[in-house]
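Architecture and fold: a report
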Amino acid sequence: MLGLGTSVTSIDPANIYKELSELEHYGSLTVHYDFSTLIGNHGIEVTGVPNLGGGGEPFDIGGNSGTPLLDKSQFGGRSSVVFSDDEFLIMDREFTSTNKSFTFFVVLQRDDTSDDYIVAGSGEEATNFIEFTGSGENIHFAMQDGSAVTTTLASTTGSTINYTQVTEVPSVLVIRRGTGGILYVYADNGLYIAAMDNGAMREGVSFSFITIGGTDAESADDFVGNIGEVGIYDYDIGDTAAITLSKELSTKWGINRRS
């Protein structure tokens, strides 16, 4: 007897989720930071985070700019990292996708409607980045050897829902890019919110990032709010798996939006 008693039956089914290691394509998850695993007191400075993906490849977070803090007041008490202007985490080395295809995800909560860099590559020009623009209505995406492209979320063109990011509300973002360079975007609980297929989007050969929550680029607006989990598969995991990923992350982090 394991002595489980009634503990299993007392779990709310709505809160049962699978860890990423239990999902398909886990072997292609090269970079993964789960800030809910961070241990320490609320309000302490976050300076280092281990990479949970890639079989231990050296993509740990080893430094910061400003003072990003461990926060236990959001996401139902799960640990996350809170960022203010000019604060971001810095990886020990830059990740660059092997080719055009990859799948990026992030769990976040924005505190304002300014332009917010989620991740960015190295260098003052920040030629690689993902950021929210407008009032949460668009994603600005730039990759190596390609022009920056604005993908509209607040439209049903090429997707199934008109989606706008809302401040002070947790959300999930999953971005997959196929081998041909087409971008697909999913949000909370598997919502398919955008697609982008144009010459500039197809042109970029790879995508890189080394900072999370901001960028070294001059005159750039860094992220303001909380990030709970972030990662990238060096591979397009496909539509079905991307929806499953979004659903499992939403359940884990208490994200309820479904339409």
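Since the model is a prediction, treat every value here as computed from it, not as a measurement.

**Digging into the nonpolar core**
Ranked by internal contacts, the top residues of the largest apolar core, which has 47 residues, are Y33, F104 and I193. With 4 residues, strand β6 (residues 102-110) is the single largest residue contributor to this core. Apart from residues no more than four positions distant in its own chain, F104 is found in contact with I118, V119, I130, L173, V174, I175, V230, G231 and I232. With 17 residues, the next largest nonpolar core counts L23, V107, Y233 and L249 among its residues.

**Quick notes on the pairing of strand β12 (residues 183-186)**
In the sheet, strand β11 (residues 171-177) pairs with β12 via 4 bridges, with the strands oriented antiparallel. When the sheet's bridge partners are listed, R177 is paired in β12 with L183. Where β11 hands over to β12, the hairpin turn is made up of 5 residues, of which G181 adopts a positive phi near 95 degrees. Where β12 meets strand β13 (residues 192-196), 4 bridges bridge the pair, whose relative direction is antiparallel.

**Brief notes about the side chain of T133**
Mapped onto the elements of the fold, T133 is located in strand β8 (residues 129-133). Those residues in contact with T133 that lie beyond four places of it in its chain are D115, N138, I139, H140 and T150.

**A short note on the pairing of β11**
The element β11 is largely enclosed, with a buried count of 7 among its 7 residues. Looking at chain direction, β6 and β11 are connected through 7 bridges and run antiparallel. Bridge pairing links V107 to V172 in β11.

**Some words on the packing of aromatic side chains**
Using the criterion set out here, one finds 12 aromatic pairs in the structure. A ring pair is formed by F75 and W253, whose centres lie 4.9 Å apart and whose planes are at 75 degrees; its orientation type is edge-to-face. You can see F75 sitting in the loop between β3 (69-71) and β4 (80-83) and its partner W253 sitting in helix α2 (residues 239-253), a full 178 residues away along the chain. Among the residues examined, F75 registers a relative accessible area of 7% and is labelled buried. Here the aromatic rings of F83 and F223 are separated by 6.2 Å at their centres, their planes lie at 75 degrees, and the arrangement is edge-to-face. Highlighted residues: F83 in strand β4 and F223 in the loop between β14 (208-212) and β15 (225-233), separated in sequence by 140 residues. Look at F83 and you get buried, because its relative accessible area is 1%. The class of F223 is buried, set by a relative accessible area of 0%. Positioned over the ring face of W253 is R78, at 5.7 Å from the centre of the ring. R93 extends its terminal NZ or CZ atom over the ring of F59, reaching a point 4.0 Å from the ring centre.

**Topic: the sheet that holds β8**
Taken in spatial order, the 7 strands make up an open sheet running β2-β5-β14-β7-β8-β9-β10, and their pairing is antiparallel. The open sheet terminates on both sides in strands that have one partner only, identified here as β2 (61-65) and β10 (149-152). The mean inter-strand angle of the sheet, taken between neighbouring strand axes irrespective of direction, is 30 degrees. Bridging between β2 and strand β5 (residues 88-96) involves 4 bridges; their strand directions are antiparallel. Note that in β5 the partner of S65 across the bridge is F88.

**With respect to the pattern of salt bridges**
Counting across every chain of the model gives 6 salt bridges. In this structure, the salt-bridge partner of K252 is D34, at a minimum N-O distance of 2.7 Å. Placement of K252 in helix α2 and of D34 in strand β1 (residues 29-34) is noted, with a sequence separation of 218 residues between them. Linking E229 and K252 is a salt bridge whose minimum nitrogen-to-oxygen distance equals 3.1 Å. Placement of E229 in strand β15 and of K252 in helix α2 is noted, with a sequence separation of 23 residues between them. For the pair E229 and K252, one class covers both residues: buried.

**A few points about the confidence of the model for the chain**
Per-residue confidence for the chain averages 88 on the pLDDT scale, and 91% of its residues sit at or above 70. Every residue in residues 1-11 scores below 50 in pLDDT, and together they form 1 contact with partners more than four places removed in sequence or on other chains.

**Notes on the environment of Q144**
By secondary structure assignment, the location of Q144 is in the loop between β9 (138-142) and β10. For Q144, a relative accessible area of 33% gives the class partly exposed. It is 8.9 Å that separates the C-alpha atoms of Q144 and E203, two residues lying 59 residues apart in sequence. Once residues lying within four places of it in the same chain are set aside, the contact partners of Q144 are T96, N128, G204, V205, S206 and S208.

Scoring rules and cut-offs
Residues numbered from 1 in each chain as written. Predicted model: local features only at pLDDT ≥ 70, side-chain atom pairs only at ≥ 80, totals over all residues. Heavy atoms only, no water. Core = buried A, V, L, I, M, F, W, Y, C linked by side-chain atoms within 4.5 Å. Buried < 20%, exposed > 50% of the residue type's maximum accessible area, 1.4 Å probe, protein only. Helix = DSSP H or I, 4+ residues; strand = E, 2+ residues; numbered from the N terminus. Contact = heavy atoms within 4.5 Å. Pairing = 2+ DSSP bridges. Phe/Tyr/Trp six-rings, centres within 6.5 Å; stacked < 30°, edge-to-face > 60°. Lys NZ or Arg CZ within 6 Å of the ring centre and 35° of its normal. Axes fitted to C-alpha atoms, helices over the stretch in contact; angles between N-to-C directions. Salt bridge = Lys/Arg side-chain N within 4 Å of Asp/Glu carboxyl O. pLDDT = per-residue confidence, 0-100.

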